[in-house]
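The residues making up each chain are set out below.
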Amino acid sequence: CHHVISWDLRMEAHGGKFVLVLLVAVFVTRGLSDSLQRVVSAREQERLKQLLLADSNWNDLHTSYLAIKGLESLGTDIPRELARKACDNIGTPDDLEAIFYASSLSKLLGNNCKVTISGVETKLKENLKEKAKVTTLYYATLSLNNFNIAFDKGAVLSLLTAALDSDDSPFSAGLAFKVAALLHAEEIDVSTLYDSIEDVINQADESDTTLNFESGLAVTATVTVGAFELSMSVGKAPVISEEHIIKLGNYFVVNRNTGSVEDASYVLQALGTLGNSKFYRPTALLLASNRPITATNTELKVRFTDILDRPLGKASVKATSIDDPDGENVLTKNQFTLDSDGITYSIPLYPNIVQPGIYDVQLRCVRVCAFVRACVRACVCICQLNLGGADVHWVFNACVVAFRSTSPTNKVFLPMLC
């Protein structure tokens, strides 16, 4: 088994003596991609939020823009003093990229940040020309939209198509998806670009659990967000398999611990896009507690959440099978019960399962109304310990006992390796 979800291992003392304790550890297996490997907790989201809110991030247009986009994905209001600082930094931009960031900040901050640039319409439209690069068309088109300046959207689509013929990199494709989403709002036919989403995604590097582009986080996030924005605009699900959406989600979750403002922004933009999608929301069926299963803590508890650790409403969580080390199904009850917190589901294991060894548990969760589901196959490792004064540790996926007792009558049952 791989991707260990570790549980604390301990022994209970009763009357000054160590007695039998039933201990369970769950190891999520490889190759099952109906569920996220893990999610981004509220605490982790708060850390990213505070990273973006640091005063030093609001000293230039680019970083301010990234910070606001990331915070917007969390639904965080921008503090007035930071909004004012970002707006004061706009100045009088004259190059295309600076105009894009200035106009975007003005739009994001609303009435509190008005930007006036002399001759801006001419400056922007002169970039809508033959042989213009995708990045140029992206900056110019979105800036025109930010300023509510009309432009020939059909012509932009033709220029964009030609630009992609000479530069079909994933990053350019992601920017093109964003432009196409804007164009389709005006009833421009962007079906060719929409259909190309699948081909672009298929260029990504794929592992057992993640999917990402070699160029890194910014490119992977740009493609993901752009693909979903375009899909939302045309009103159809993105041409991305559910398995690939889960793997993209895993990739962004893996990058949650970044200390970079730019990376944090891209992570949050992607997480917000996946977590709020009306087409398919990657979900997770994960352990709810690291407490061991004991005679006083008898239930296996799981959480069914979205990628941002938010509840998905009442669902049906079932154990479809619990096979003992001999391959016999020892399932006595399969339906998990929803706890009072509205997000945790539990099922009793003890004292129905006491034989030491590795148990193959298959779980399934279905939320019909929201069209989301999760399936997990796990190995449940059960150790029976009756050791006076023994130290017990988990090392990788083995239950290892370091003896300190001198009593020859002590026995230990080690589970098979999962």
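The structure contained in this document is the topic of the report that follows.

Definitions and cut-offs
- Residues numbered from 1 in each chain as written.
- Predicted model: local features only at pLDDT ≥ 70, side-chain atom pairs only at ≥ 80, totals over all residues.
- Heavy atoms only, no water.
- Helix = DSSP H or I, 4+ residues; strand = E, 2+ residues; numbered from the N terminus.
- Expected span 1.5 Å × (residues − 1).
- Buried < 20%, exposed > 50% of the residue type's maximum accessible area, 1.4 Å probe, protein only.
- Axes fitted to C-alpha atoms, helices over the stretch in contact; angles between N-to-C directions.
- Parallel < 35°, antiparallel > 145°, perpendicular 65-115°, else oblique.
- Left-handed = near helix turned anticlockwise from the far one by under 90°.
- Contact = heavy atoms within 4.5 Å.
- Salt bridge = Lys/Arg side-chain N within 4 Å of Asp/Glu carboxyl O.
- Phe/Tyr/Trp six-rings, centres within 6.5 Å; stacked < 30°, edge-to-face > 60°.
- Lys NZ or Arg CZ within 6 Å of the ring centre and 35° of its normal.

## Concerning helix α8 (residues 170–184)
Alright, step 1. Here α8 is 15 residues long and its end C-alpha atoms lie 21 Å apart, about the 21 Å a rise of 1.5 Å per residue gives.
Alright, step 2. For α8, the buried fraction is high: 13 of the 15 residues fall into the buried class.

## Here's the deal with the packing of helix α11 (residues 217–234) against helix α12 (residues 242–254)
Alright, step 1. Contact pair α11 / α12: the axes reach a minimum separation of 11 Å and the direction vectors enclose 135°. When the axis of α11 is compared with that of α12, the two are oblique. Between α11 and α12 the crossing geometry is left-handed. Contact with α11, carried on its side by Leu217, Thr220, Ala221, Thr224 and Phe228, involves Ile245, Leu248, Tyr251 and Phe252 of α12 and no other residues of that element.

## Let's talk about the pattern of salt bridges
Alright, step 1. Under the defined criterion, the tally for this structure stands at 14 salt bridges.
Alright, step 2. Glutamate 206 is the partner of lysine 247 in a salt bridge, and the nearest nitrogen-oxygen pair spans 2.8 Å. Taken together, the residues lysine 247 in helix α12 and glutamate 206 in strand β5 (residues 205–206) connect sequence positions 41 residues apart.
Alright, step 3. Relative accessible area serves as the criterion here: at 5%, lysine 247 is assigned to the buried category.
Alright, step 4. A salt bridge links aspartate 306 to arginine 310, with the nearest nitrogen and oxygen atoms 2.7 Å apart.
Alright, step 5. Looking at aspartate 306, the relative accessible area reads 0%, which means it is buried.
Alright, step 6. Each member of the salt-bridge network shares a partner with another, and the members are Arg38, Glu44 and Arg256.

## What about α11?
Since the α-helix turns once every 3.6 residues, residues separated by three or four places project in the same direction.
Alright, step 1. For α11, which comprises 18 residues, the first-to-last C-alpha distance of 26 Å matches the rise-based estimate of 26 Å (1.5 Å per residue) to within 8%.
Alright, step 2. Where burial is concerned, most of α11 is hidden: 13 out of the 18 residues are buried.
Alright, step 3. Glycine 235 sits one or two positions beyond α11 and adopts a positive phi of about 75°.

## Re the packing of aromatic side chains
Remark: the centre distance and the inter-plane angle together describe each pair of aromatic rings, the angle taken between the planes.
Alright, step 1. Overall, the coordinates contain eight aromatic pairs when judged by the stated rule.
Alright, step 2. Judged by centre distance (5.6 Å) and plane angle (65°), the ring pair of tyrosine 65 and phenylalanine 100 falls under edge-to-face. Linking tyrosine 65 in helix α2 (residues 61–73) with phenylalanine 100 in helix α4 (residues 96–109), this pair joins segments that are 35 residues apart in sequence.
Alright, step 3. Taking the relative accessible area as the measure of exposure, tyrosine 65 reaches 12% and is therefore buried.
Alright, step 4. Considering the side-chain rings of tyrosine 138 and tyrosine 139, the 5.7 Å spacing of their centres and the 55° angle between planes classify their relative orientation as tilted.
Alright, step 5. Residue tyrosine 139 is classed as buried on the basis of its relative accessible area of 17%.
Alright, step 6. By way of ring pairs, the aromatic residues Tyr65, Phe100, Tyr101, Tyr138 and Tyr139 are connected into one cluster.
Alright, step 7. The cationic tip of lysine 153 hangs over the ring face of phenylalanine 151; the distance from NZ or CZ to the ring centre is 4.2 Å.

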